[in-house]
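What follows is each chain in one-letter form.
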Amino acid sequence: MVVAIAAQACVPPPRPLPPQPSDAAVGCIDTDGYADAMGSGHLFLVDEFGFAELGKCLDRDGDGESDCAINRAWRPLLPVLNNMLVAAVSNGRILMVFEVAGLCAPYDGADPAVTIKIYPATDADPDPTNNLCLEPGCGQVLARAKYMSDGQSLYRAPPQPVIEYRVRTAMGADLAIDLEQASEPMTIKELDMTCLLPEQMDELSEGVLCGVAPVDNLALVRLPVCDYLPAFCQLALIPDDLNLAEYLVVLGQQPDVDMDGDGLEEIELDTNNRTLLCYDGDGSVMGAKDCLHDPAMQDGYSVCFSFHGIPGAIVGIDD
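An account of the accompanying structure is given in this report. Worth saying up front: this structure is predicted, and the values here are computed from it rather than measured.

The rules behind these values
Residues numbered from 1 in each chain as written. Predicted model: local features only at pLDDT ≥ 70, side-chain atom pairs only at ≥ 80, totals over all residues. Heavy atoms only, no water. Helix = DSSP H or I, 4+ residues; strand = E, 2+ residues; numbered from the N terminus. Buried < 20%, exposed > 50% of the residue type's maximum accessible area, 1.4 Å probe, protein only. Contact = heavy atoms within 4.5 Å. Areas by Shrake-Rupley, 256 points an atom, 1.4 Å probe, with all protein chains shown as cover. Salt bridge = Lys/Arg side-chain N within 4 Å of Asp/Glu carboxyl O. Pairing = 2+ DSSP bridges. Axes fitted to C-alpha atoms, helices over the stretch in contact; angles between N-to-C directions. Phe/Tyr/Trp six-rings, centres within 6.5 Å; stacked < 30°, edge-to-face > 60°. Lys NZ or Arg CZ within 6 Å of the ring centre and 35° of its normal. Disulfide = S-S within 2.5 Å. Patch = residues over 30% accessible without salt bridge, like charges linked within 9 Å, V, L, I, M, F, W, Y side chains within 5 Å. Lys, Arg positive; Asp, Glu negative; His and termini not counted. Charge placed at Lys NZ, Arg CZ, Asp CG, Glu CD. Polar contact = N/O pair within 3.5 Å; in protein donor to acceptor, adjacent residues only side chain to side chain. Expected span 1.5 Å × (residues − 1).

In terms of regular secondary structure, the chain is built from six helices and 18 strands. Across the 319 residues that make up the chain, the buried fraction comes to 51%. Considering only contacts within the chain whose residues lie at least 6 apart along the sequence, 68% involve residues at least 24 apart. Split by element, the accessible area of the chain, about 14000 Å² in all, is 53% carbon and sulfur.

What follows is the structure in structure tokens.
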């Protein structure tokens, strides 16, 4: 299952939310929040989202090293790419809500179990300028029904403890980030995330969301890097329509996450920086120029995003 996080141009009439208990987040029963109704916890609308700095990436495999190969390869390009994502958040193309469910008062930076839920959303009105304004009526969105099941988000993590104001959790569902309107979204598998939950619960801070971007998906994703850095493309002889998998190889990065257990795969480019051959983990050749989509091409690149959230509200469900 892949979810593209994107706002819709036309907003249908919202479906009413189920009745919610008053002051649910303050006077809640001490549960882990996993089965709590949507919106009964603390809701945060993402107001900052971008590729994480290398020092903030998570160690996903426990080897003591941060796992963010894409961030490392694109380090010189991160300011340009993150400016694109700033615009996507501002215009509502990237629109999502994090819920912290099961956190009960009094809260002093510790809780035995809370549940993090993510809601891909659409704007409740046609005006993206009132999404992030922190005034009455701001930050109102509609949860996308397509990514709900039995009243719960498909992006719901197993309950985890809060220790010293911080929670870390994982999700099994695949998430897709809409980096560029004219391109396919970037799919992120094996989600791993952490964030800081301050005592006042007035923001989500120091958020990091990591995972694996599969090669076959990156072969469909294109970013207008050469529009922003034409000198870079000219010096490196990079065509302006390379896919992201090819960009990564040009920058010296091969897949770093073995998703099928047979060893890491490799991609070979021709003199025009186009895909020439792919090699399976055992060294066997997978095919020719279309090998990025070969069924045997299962590996991917680690990647991390940073995020921040401000109080928001889910006011209905977008059908």
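Attention now moves to the pattern of salt bridges. Taken as a whole and assessed by the stated rule, the structure comprises six salt bridges. Between D174 and K189 there is a salt bridge; the shortest N-O distance is 2.7 Å. Here D174, found in strand β11 (residues 174-177), pairs with K189, found in strand β12 (residues 186-196); they are 15 residues apart in sequence, far enough to count as distant. With a relative accessible area of 26%, K189 lands in the partly exposed category.

Okay, the sheet that holds strand β16 (residues 285-287) next. The sheet built from three strands is open, its strands ordered β14-β15-β16 with antiparallel pairing. Looking along the sheet, the strands with just one partner apiece sit at the ends: β14 (266-269) and β16. Mean inter-strand twist for the sheet, computed between neighbouring axes without regard to direction, equals 35°.

The subject of this paragraph is the packing of aromatic side chains. Counted by the stated rule, this structure contains five aromatic pairs. Taken together, a centroid distance of 5.0 Å and an interplanar angle of 15° make the contact between F49 and F305 stacked. Residue F49 is located in strand β2 (residues 42-51), and its partner F305 is located in strand β17 (residues 300-311); the two are separated by 256 residues in the primary sequence. For the pair formed by F49 and F305, the shared burial category is buried. Linked through ring pairs, F49, F51, W74 and F305 together constitute an aromatic cluster. Over the face of the ring belonging to Y34 we find R156, whose NZ or CZ atom lies 3.8 Å from the ring centre.

Looking now at the state of the cysteines. Counted under the stated rule, the structure contains four disulfides. Each sulfur of the disulfide joining C210 and C304 lies 1.9 Å from the other. Since a negative S-S torsion denotes a left-handed disulfide, the C210-C304 link at about 110° is right-handed. Note that C210 is positioned in strand β13 (residues 204-214) and C304 in strand β17, a separation of 94 residues in sequence. Each member of the pair, C210 together with C304, is buried.

A surface patch of negative charge is lined by D258, D260, D262 and D282. Mapped onto the secondary structure, D258 falls in the loop between α6 (244-250) and β14. Overall, the relative accessible area of 31% leaves D258 in the partly exposed class.

This part covers the environment of V89. Structurally, V89 is set in helix α2 (residues 78-90). On a C-alpha basis, the gap between V89 and N131 in space is 9.5 Å, while along the polypeptide they are 42 residues apart.

Below, the discussion takes up the side chain of T115. Locating T115 in the fold gives a position in strand β4 (residues 111-123). T115 gets classed as buried once you look at its relative accessible area, which sits at 0%. A polar side-chain atom of T115 sits 2.8 Å from the main-chain carbonyl oxygen of D32. There is a polar contact of 3.2 Å between the side chain of T115 and the backbone nitrogen of Y34. Beyond its immediate chain neighbours, meaning those up to four positions away, T115 contacts D32, G33, Y34, E99, V100, A101, R156, A157 and P159.

Along its 13 residues, α2 runs 18 Å from first to last C-alpha, staying within 8% of the 18 Å computed at 1.5 Å per residue. Along α2, the positions that sit buried rather than exposed are L78, V80, L81, N82, M84, L85, A88 and V89. Packing partners of the buried residues in α2 comprise β2, α1 (69-73) and α4 (225-228). Backbone geometry just after α2 places G92 at a positive phi near 85°.

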